[in-house]
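Secondary and tertiary structure notes
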Amino acid sequence: MKYMPTSHFGFLSFVPSKIWVIILLLIFRTTLFAQEDHFWAFGANAGIDFNTDPPTPLSTQMRTNEGSSSVCDDRGQLLFYTDGTSVWDRNDNLMPNGSDLPGTIINITASTSQGALIVPVPGNLDRYYVFSMGSWERRPLYFGRLSYSIVDMSLNNGLGDVIASRKAILLDTLLTEHMTAVSSNDCGAWLIVVSRQNNNFKAYYIGTDSINHQPVISKGIPGKELKFFHEISGTIDIAPSRDKLAIAQDKVILYDFDPDSGKITHPIILDTCTAPPASRDLSTFYGICFSPDNTRLYASLLEVPAGEIVGVYQYDLSSGDSVAMVNSKTLISKGRAGAIKRGPDGKLYLTSGGAYSLHVIEQPNLAGTGCQYVVNGFTLLSSSIYGLPNLGTLLRQKTMYSVTIDSTLCSGPRSLKTKYISGESYIWNDSTLGPTRITDSPGVYWVRYKVPVNSGCKYEYHVDTFKVIFHITTKNIYTNTVAAGMCKNDTLLLQALNLNGINYTWENGSKEKQRAINQRGTHWISYRVDSLCEHYVDSFIVTYPQKDYQVSFDTDTLVCQNNLIYFQNTSDEHFNNFTWTFGNGDSSVSRNMQYTWMQAGSYQVALIGYIGEICPDTAYRIIIVDSILSGDFLMQPKSICMGERVTISPQTDSTVHMLHWQFGDGIEMSSGNESVVHHAYDTEGIITVTLNTKFRACPDALFTDTVYVYPLPKVSLGTDTVLCLGGAPVTLKNREMPPLATYRSLWNTGDTTESIKAVHPGTYSLTIHTEPAGCSTTEYITVHKGCYIDIPNAFTPNGNGENDYFSPRQLLSQTVTAFRMQIFNRWGQLIFETKDRNGRGWDGMFNGKEQPTGVYVYLIEAEVNGTRKEYYQGNISLIR
């Protein structure tokens, strides 16, 4: 069998003209790299085609402030685009079932920072997930509401449509506006969002069959409920290397990301926006993006308080040192910028706040201003607003063309085998599946398949082509059979009998002259010796003993320290020699055993059996040895005040099965091994705490300690009281001073005396500290303003003897020394005036006429104690 290098295409001279067309089409199609990100749709009908150099601006049918996503096929041709609420096909037509993706009638996604996201369904070339995220403006009902739909490109004559039964599927709620996706290492993907309840990350795994609705949770910063726009807006980006994640909120934070587990760890706060008041909701970082070589991070800062500069900042990540990364912050451009996105051409593009252009970073891998920031460097046909398409860091697939020529000249059926037998999805030109096929006719044959590249979900698509020519000739087969025996788990080296031949081939495809095997059965190797068609076939029959005999033993798996344990050998009778090992260096050659461990712990016991001196087999058991006295506990502090807690830390090891606590105040509880306990006491005295440690095999063990609980001092200032203006002061003192305790007093006035005199209304507090325990109690009392003027808000002059007159109440002669009251109607006319403190007031008359029902204005002047004047103004309702 002859193989030609993949770069050699001379074989085409043997191929008929019709076959040339097929192969040239394959070469053209399969040499392209996948280009899912080569068409962008965003903003107010804006778009860019990256399949040209330079890229071409164009128009789309979508209008969105922020959220959008678009996807192409592996040749860079547009498939569809979406704002998360509607989806359009490559001809800019709304798909038949492509509206109301979130199932909310209204558009809830267009103003979300990353409100739309397209993720290819793993393992299905025709289907795509479309994720939709509700924006902050749609609070409270739809804000942070995450759902998904599935687009099938095989529908609608290849233009695609949303599967009706797989639309508006709710996945999560109460999220921020951040959303992205990244490929996992097992051909799936991770959808990453942020909870606004505690700022934790949620990573949903997208597999080949479905989405796992139970996310992987990773703790974020600051771990509190997010309420304001500057906390919930912004974007996430995953580094092209897929090992780093960055988020823009009111901070720029860098994390480690594990594409195997979906965990997000080791946060480094690179930058923090000055904490704005609630009215400054737009004060935030918004756009975030890694450079193509993963060494730089870029972030855009929107409106901020004084002291910060609105613009785009660069952070150098190349050192890996957190301090160096923080100190590397460089302002590369002043002025507003929104979303930031890597382009297929290696540049970074930034929205410019509604302009008909994008800013461009020409050399994003270079440090500082060397990155060449160009303001309005790319002209659009319409406005970009704030957002750019959201596609995530997804691994690409590429295809390649390889050539294999089989020019065998012998007759008879031939087995054609692909160049890579460890690939996937093999399909031959006649629809045969698998890495090999049999043919007995001359001609050209090809097979297409994919091969994983390195680790993860990156593939190369291969096409192997075979040209088969048969000639009638005699084929001689020479067979040699060698019988060989081996023990279980042995490795046997098989070797061709003639080592001077060529084209050695084993039944498993191996091309070596010898082969190591570890399984019984018939194995063979074929090779040529002299003429092209003269073959040898050496066959080997490899046998085990007639039966796979096994070693085994029975024993208890749990024992107490220093106790005897028995081992019963239950091995097959063919074993006649034995060796025991006990996990601590001890061993024995007895058939049955009894043994005692002097130290607690976990031990692996092994029994090795031999049939004579060959074919060994081994059986294992794990034996748990409990400790005799593993326990005790530490309690801090040893003295407390009533109502305070003590922290009790058990000093136990893994052999303890359960802890039972008696806290000395009538309360008991059980806990797991090595669980720290916190307990508060509400009674005073010397209290004994008891711990009962329970083992699985050993007897229980008791441990005790004491805690001194000091009483709280008693404080009573009495009920709230009243202070008349200019009257005598009110004396405040503790009515229950502890007689035998050493104490000190502290008033909120700063006084440390036992009593104080209150001369002003207000709230007073007294704190009593006792010594030596340091216990304290605080009591509060309010001194109200008394002897005041009380003014009603309505009166009814109907002659029934109740509320017939309007006049202030409590005009106490000993405090109010002068008084004047005026009444005005709605036109400002003075209709009543009096200075009589003891009079009845206004009777609702003016010039002898009853005044109508309505609202009147009063002005009152009062002199208190002949020294201080007070003024009152308000409305009085006259009701008839």
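Residues numbered from 1 in each chain as written. Predicted model: local features only at pLDDT ≥ 70, side-chain atom pairs only at ≥ 80, totals over all residues. Heavy atoms only, no water.

1. Notes on the pattern of salt bridges
According to the stated counting rule, one finds 16 salt bridges in the structure shown. When the shortest N-O distance is used, the salt bridge between Asp430 and Arg437 registers 3.0 Å. Asp430 sits in the partly exposed class, given a relative accessible area of 38%. (Salt bridge = Lys/Arg side-chain N within 4 Å of Asp/Glu carboxyl O. Buried < 20%, exposed > 50% of the residue type's maximum accessible area, 1.4 Å probe, protein only.)

2. A few points about the environment of Asn847
The residue Asn847 is located in the loop between strand E65 (845-846) and strand E66 (849-850) in this model. According to the relative accessible area criterion, Asn847 is exposed, its value standing at 66%. Through-space distance from the C-alpha of Asn847 to that of Phe832 is 9.4 Å; in sequence the pair is 15 residues apart. (Helix = DSSP H or I, 4+ residues; strand = E, 2+ residues; numbered from the N terminus.)

3. Digging into unusual backbone geometry
Cis geometry is adopted by the peptide bond preceding Pro54, which originates at Asp53 and carries an omega value of 5°. The linkage connecting Arg139 with the following residue, Pro140, adopts the cis geometry, with an omega of -5°. Relative to the helices and strands, Pro140 resides in the loop between strand E8 (127-133) and strand E9 (146-152). One non-glycine residue with positive phi stands out, namely Ser431, at about 75°.

4. Quick look at the sheet that holds strand E45 (residues 593-596)
Pairing is antiparallel in the open sheet, where 3 strands are placed in the order E40-E42-E45. Pairing within the sheet leaves two strands with one partner each, and these edge strands are strand E40 (553-555) and E45. Ignoring which end each strand starts from, the neighbouring axes of this sheet average 25° apart. Relative to E45, strand E42 (residues 564-569) runs antiparallel, the two being bridged by 4 bridges. Residue pairing in the sheet places Ile565 in a bridge with Tyr595 of E45. (Pairing = 2+ DSSP bridges. Axes fitted to C-alpha atoms, helices over the stretch in contact; angles between N-to-C directions.)

5. A look at the sheet that holds strand E12 (residues 175-183)
Hydrogen bonds between backbone groups are what pair the strands of a sheet, and the pairing can be parallel or antiparallel. Ordered by their spatial adjacency, 4 strands build an open sheet running E12-E13-E14-E15, and the pairing between neighbours is antiparallel. Whereas interior strands pair on both sides, the edge strands pair on one side only; in this sheet they are E12 and strand E15 (216-218). For this sheet, the mean inter-axis angle between neighbouring strands, taken without regard to orientation, is 20°. Bridge count between strand E13 (residues 189-195) and strand E14 (residues 201-206): 6 bridges; the pairing is antiparallel. Paired with Leu191 across the strands is Tyr204, a residue of E14.

6. Brief notes about the confidence of the model for the protein chain
Scored by pLDDT, the protein chain has a mean of 83; 84% of the residues are at 70 or more. Averaged pLDDT values for the elements of the protein chain fall to 35 in helix H1 (residues 17-30) and rise to 98 in strand E6 (residues 87-89). pLDDT under 50 marks residues 1-34. Its contacts with residues more than four places away, or in other chains, come to 60 contacts. In the model, residues 472-477 has pLDDT below 50 throughout and makes 13 contacts with residues more than four positions away in sequence or in other chains. (pLDDT = per-residue confidence, 0-100. Contact = heavy atoms within 4.5 Å.)

7. Remarks on the side chain of Thr235
Relative to the helices and strands, Thr235 resides in the loop between helix H2 (229-232) and strand E16 (236-238). Looking at Thr235, the relative accessible area reads 8%, which means it is buried. Within the structure, the side chain of Thr235 is placed 2.8 Å from the backbone oxygen of Tyr286, a separation counted as a polar contact. Of note is the side chain of Thr235, whose polar atom sits 3.2 Å from the backbone nitrogen of Ile288. The residues touching Thr235, leaving out its near neighbours within four places in the chain, are Ser113, Gln114, His178, Ala246, Ile247, Ala248, Tyr286, Gly287 and Ile288. (Polar contact = N/O pair within 3.5 Å; in protein donor to acceptor, adjacent residues only side chain to side chain.)

8. Concerning the packing of aromatic side chains
Counted by the stated rule, this structure contains 32 aromatic pairs. Relative to Trp88, the ring of Tyr81 lies with its centre 5.6 Å away and its plane at 15°, an arrangement referred to as stacked. Each of the two residues, Tyr81 as well as Trp88, counts as buried. Arranged with centres 5.8 Å apart and planes meeting at 35°, the rings of Tyr129 and Phe131 form a pair that is tilted. Among the aromatic residues, ring-to-ring pairing joins Phe553, Phe567, Trp580, Phe582, Tyr595, Trp597 and Tyr603 into one connected group. (Phe/Tyr/Trp six-rings, centres within 6.5 Å; stacked < 30°, edge-to-face > 60°.)

9. Regarding the pairing of strand E21 (residues 296-301)
Here E21 lies mainly inside the structure; 6 of its 6 residues are buried. Bridge count for strand E20 (residues 285-290) against E21 is 4 bridges, and the pairing is antiparallel. When the sheet's bridge partners are listed, Phe285 is paired in E21 with Leu301. Taking the residues between adjacent antiparallel strands as the criterion, E20 and E21 are bridged by 5 residues, where Asn294 takes a positive phi near 70°. Looking at chain direction, E21 and strand E22 (residues 311-316) are connected through 6 bridges and run antiparallel. Its bridge partner being in E22, Tyr298 is matched across the sheet by Gln314.

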